[in-house]
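Fold and contact review
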Amino acid sequence: MSGFDIGIAMFVATLGLIGLRMPVGAAMLLVGGIGYAAIAGWTPLLATLRSMPFSKFSSYTLSVIPLFLLMGDFATKGGLNRALFNAARAWFGHWRGGLAVATVGGCAAFGAICGSSLATAATMSQVAGPEMRRHGYSPALATGTLAAGGTLGILIPPSVILVIYAIYTEQSIGVLFIAAVLPGLLATVGYMLVVNLYARMHPGAAPPAERIPWAGRWKPTAEVWPVILVFVLVVTGMYAGWFSATEGAAVGAAATGVLAVTLGGMRWEGLRDSLLSTAETSAMIFLMLLGAELFSAALALSRVPAELSSAIAGLDVPPIAILLAILVIYFILGCFMESMAMVLLTLPIFVPLMLALDFGLNPQQVLVWFGILMLVSVEVGMISPPFGLNLFVINAMAKDVPMGETYRGVMGFVASDVVRIVILVFAPALSLWLPGLW
């Protein structure tokens, strides 16, 4: 077999092993190792394995991952999710579909201190789910809103996937975080509009909650100041140059930990659970990173990324058409794969391809713009029937709701996401203007 054939076989074999439920990191490590040895030999593989783990994990930048994960755990233990939902409900609860709108707003705000979609969906469902059901919301709208709102956890910075993308493409984490702000706000507004339209079309599915007097709205609103403080401190501090992304993650984790203890009543048991959860998730992510590193090295030896980039760039089709095809691939993969696995598996092929195409942008602009588009596409995949992971998380927590109802409730949000992707594709300034790249 030629190197190119081996590279294609590696990609297919990895997808097959993941489909058989092998852990993603182990699958990429196994296939990458076998592919590397098949192309270069066992001795070069052993030499690579001797140095690769240390060179990869000794990177100071990688410490940002467990710190952001710890920040999200502290926020959950400190009850900040409940404070966010209560504040949003005070302002929006009496609207048409107001509790669902408040859920979207709460998810967006919680995403500002939690970089995980699944964690945001699971955490907010514990607070907002029972409230919507108690007020007579339809199961479809309640579970669909929670599943879609959870995706804001990886779009609103800080985002673990954006951190991984920044490290892989050697881009500034702070720049990517700032670039995600406008698309994140666009997603939040789009989801709120979907809820409003659904409530107008099905009035019985979203009964209005009681209107809270103006005087009663300020108390729950004042209780969300810790979230605003942490978000502004971390994101503004990184972008203003007060501290690096890693230092910003440490500041955010420390600040959220203090708030969880003083305001949320977190004690030693909660601290221990947060540390253990962060360690387990970090270990899983780091194994995936090591597997992706070896897989990428083997793919580079096979020249699959270089040859595909050259072949596709030479096609007589507009670059935008190729970009849309890539986003469709992410959309399809997202129906079957976990978001981080999908990103790590495809970046070695898609990043060189994007850089080979002429969009009228410089390489940094292309990488930042593509990072946001990739993130949004991954987000859509997480709520796309039949296998979007957020759908399963929410449905597992609402055991009395048939999966078909959740599928039906999420389709309007998927349509909103598709419209948003088209806007971001044809208006790259939305991603590049805020960080000053446009």
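Computed from a prediction, not measured in an experiment: that's the story for all the values here.

**Structural notes on unusual backbone geometry**
Across the chain, the bulk of peptide bonds are trans and the bulk of non-glycine residues have phi less than zero. Its identity as a non-glycine residue notwithstanding, Glu170 has a phi of 60 degrees, on the positive side. Within the fold, Glu170 resides in the loop between α10 (160-169) and α11 (173-179). Glu170 gets classed as exposed once you look at its relative accessible area, which sits at 71%.

**Brief notes about the confidence of the model for the chain**
On average, residues of the chain carry a pLDDT of 82, and 97% of them reach 70 or more. Helix α23 (residues 429-432) holds the highest mean pLDDT among the elements of the chain, 92, whereas helix α17 (residues 304-313) holds the lowest, 72.

**A short note on the side chain of Thr151**
The residue Thr151 is located in the loop between α8 (139-150) and α9 (152-155) in this model. We classify Thr151 as buried; its relative accessible area is 0%. In this structure, Thr151 is in contact with Ser117, Tyr191, Glu379, Met382, Ile383 and Asn390, ignoring residues within four places of it in sequence.

**A look at the packing of helix α4 (residues 64-77) against α10**
Running from N to C, α4 and α10 cross one another at 170 degrees; their axes reach a closest spacing of 10 Å. Classed by the angle they form, the pair α4 and α10 counts as roughly antiparallel. Packed against α4, whose contacting residues are Val64, Ile65, Phe68 and Leu69, the element α10 presents Val160, Val163 and Ile164 at the interface. In the contact of α4 with α10, the residues fall into 7 nonpolar, no polar and no charged.

**Regarding the nonpolar core**
With 141 residues, the main nonpolar core has Ile65, Leu323, Tyr330 and Phe370 as its most contacted residues. In contact with Tyr330, other than residues within four places in its own chain, are Met342, Thr346, Leu347, Phe350, Phe370, Met374, Ser377 and Val378.

**Structural notes on a nonpolar patch on the surface**
A contiguous nonpolar patch, built from Leu324, Val418, Val422 and Phe426 and spanning about 340 Å² of accessible area, is present on the exposed surface. The leading source of residues in the nonpolar patch is helix α22 (residues 403-426), at 3 residues. Tracing the sequence through the fold places Val422 in helix α22. Looking at Val422, the relative accessible area reads 40%, which means it is partly exposed.

**Regarding the packing of aromatic side chains**
Inspection of every chain in the model, using the stated rule, returns 5 aromatic pairs. Ring centres of Tyr165 and Phe370 lie 6.5 Å apart, and the angle between their planes is 55 degrees; on these two criteria the pair is classed as tilted. With Tyr165 in helix α10 and Phe370 in helix α20 (residues 363-381), this residue pair connects regions lying 205 residues apart in the sequence. For the pair formed by Tyr165 and Phe370, the shared burial category is buried. With a centroid separation of 5.3 Å and 80 degrees between ring planes, the pair formed by Phe359 and Trp369 is classed as edge-to-face. Here Trp369 lies in helix α20 and Phe359 lies in the loop between α19 (339-356) and α20, a separation of 10 residues in the sequence.

**Observations regarding the environment of Pro435**
By secondary structure assignment, the location of Pro435 is in the segment after α23. Given a relative accessible area of 7%, Pro435 falls into the buried group. Taking C-alpha positions, Pro435 is 24 Å from Met340, a pair spaced 95 residues apart along the chain. Dropping the residues within four chain positions of it, Pro435 is found in contact with Val175, Ile178, Ala179 and Tyr239.

**Quick notes on the packing of helix α2 (residues 24-40) against helix α16 (residues 268-302)**
α16 packs onto α2 with a crossing angle of 25 degrees between their chain directions and a minimal axis gap of 7 Å. Comparing the axis directions of α2 and α16 gives the class roughly parallel. For the pair α2 and α16, the crossing hand works out as left-handed. Residues Val24, Gly25, Ala26, Met28, Leu29, Val31, Gly32, Gly33, Gly35, Tyr36, Ile39 and Ala40 of α2 form the contact with α16, whose own contacting residues are Leu287, Met288, Leu290, Gly291, Ala292, Leu294, Phe295, Ala297, Ala298, Leu301 and Ser302. Its residues assigned to classes, the contact of α2 with α16 comprises 17 nonpolar, 6 polar and no charged.

**A look at the side chain of Ser274**
With respect to the secondary-structure elements, Ser274 resides in helix α16. Since its relative accessible area comes to 0%, Ser274 is described here as buried.

**Brief notes about the pattern of salt bridges**
A full pass over the atoms with the stated rule returns 4 salt bridges. As a salt-bridge pair, Arg272 and Asp273 come within 3.4 Å of each other at their nearest N and O atoms. The partly exposed category is assigned to Arg272, whose relative accessible area is 48%. For the salt bridge of Arg408 with Glu405, the shortest nitrogen-to-oxygen distance reads 2.9 Å. Of this pair, Arg408 and Glu405 both sit in helix α22, separated by 3 residues, roughly a single helical turn. Overlapping salt bridges, with partners in common, bring together Glu379, Asp417 and Arg420 in one network.

**Quick word on α4**
An ideal rise of 1.5 Å per residue puts 20 Å on 14 residues; α4 measures up with 20 Å between its terminal C-alpha atoms. For α4, the tally of buried residues reaches 10 of 14 residues, placing the bulk of the element in the interior. Those residues of α4 lying buried are Val64, Ile65, Phe68, Leu69, Leu70, Met71, Gly72, Asp73, Phe74 and Ala75. In the stretch just after α4, Gly79 is the one whose phi turns positive, near 75 degrees.

**Some details on helix α3 (residues 42-57)**
When the terminal C-alpha atoms of α3 are compared, their 23 Å separation across 16 residues agrees well with the 22 Å that a helix rising 1.5 Å per residue should span. Along α3, the sharpest kink reaches roughly 30 degrees, centred on Ser51 and followed within four residues by the proline Pro53. Among all positions of α3, only Leu45, Thr48, Met52 and Lys56 are buried. Along its buried surface, α3 packs onto α2 and α16.

**Details of the environment of Ala13**
Within the secondary structure layout, Ala13 lies in helix α1 (residues 3-19). Measuring from C-alpha to C-alpha, the distance between Ala13 and Leu193 comes to 42 Å, with 180 residues separating the pair along the chain.

How each quantity is defined
- Residues numbered from 1 in each chain as written.
- Predicted model: local features only at pLDDT ≥ 70, side-chain atom pairs only at ≥ 80, totals over all residues.
- Heavy atoms only, no water.
- Helix = DSSP H or I, 4+ residues; strand = E, 2+ residues; numbered from the N terminus.
- Buried < 20%, exposed > 50% of the residue type's maximum accessible area, 1.4 Å probe, protein only.
- pLDDT = per-residue confidence, 0-100.
- Contact = heavy atoms within 4.5 Å.
- Axes fitted to C-alpha atoms, helices over the stretch in contact; angles between N-to-C directions.
- Parallel < 35°, antiparallel > 145°, perpendicular 65-115°, else oblique.
- Nonpolar A, V, L, I, M, F, W, Y, C, P; charged D, E, K, R; others polar.
- Core = buried A, V, L, I, M, F, W, Y, C linked by side-chain atoms within 4.5 Å.
- Patch = residues over 30% accessible without salt bridge, like charges linked within 9 Å, V, L, I, M, F, W, Y side chains within 5 Å.
- Areas by Shrake-Rupley, 256 points an atom, 1.4 Å probe, with all protein chains shown as cover.
- Salt bridge = Lys/Arg side-chain N within 4 Å of Asp/Glu carboxyl O.
- Phe/Tyr/Trp six-rings, centres within 6.5 Å; stacked < 30°, edge-to-face > 60°.
- Left-handed = near helix turned anticlockwise from the far one by under 90°.
- Expected span 1.5 Å × (residues − 1).
- Bend = angle between axes of the 7 residues up to and from the residue.

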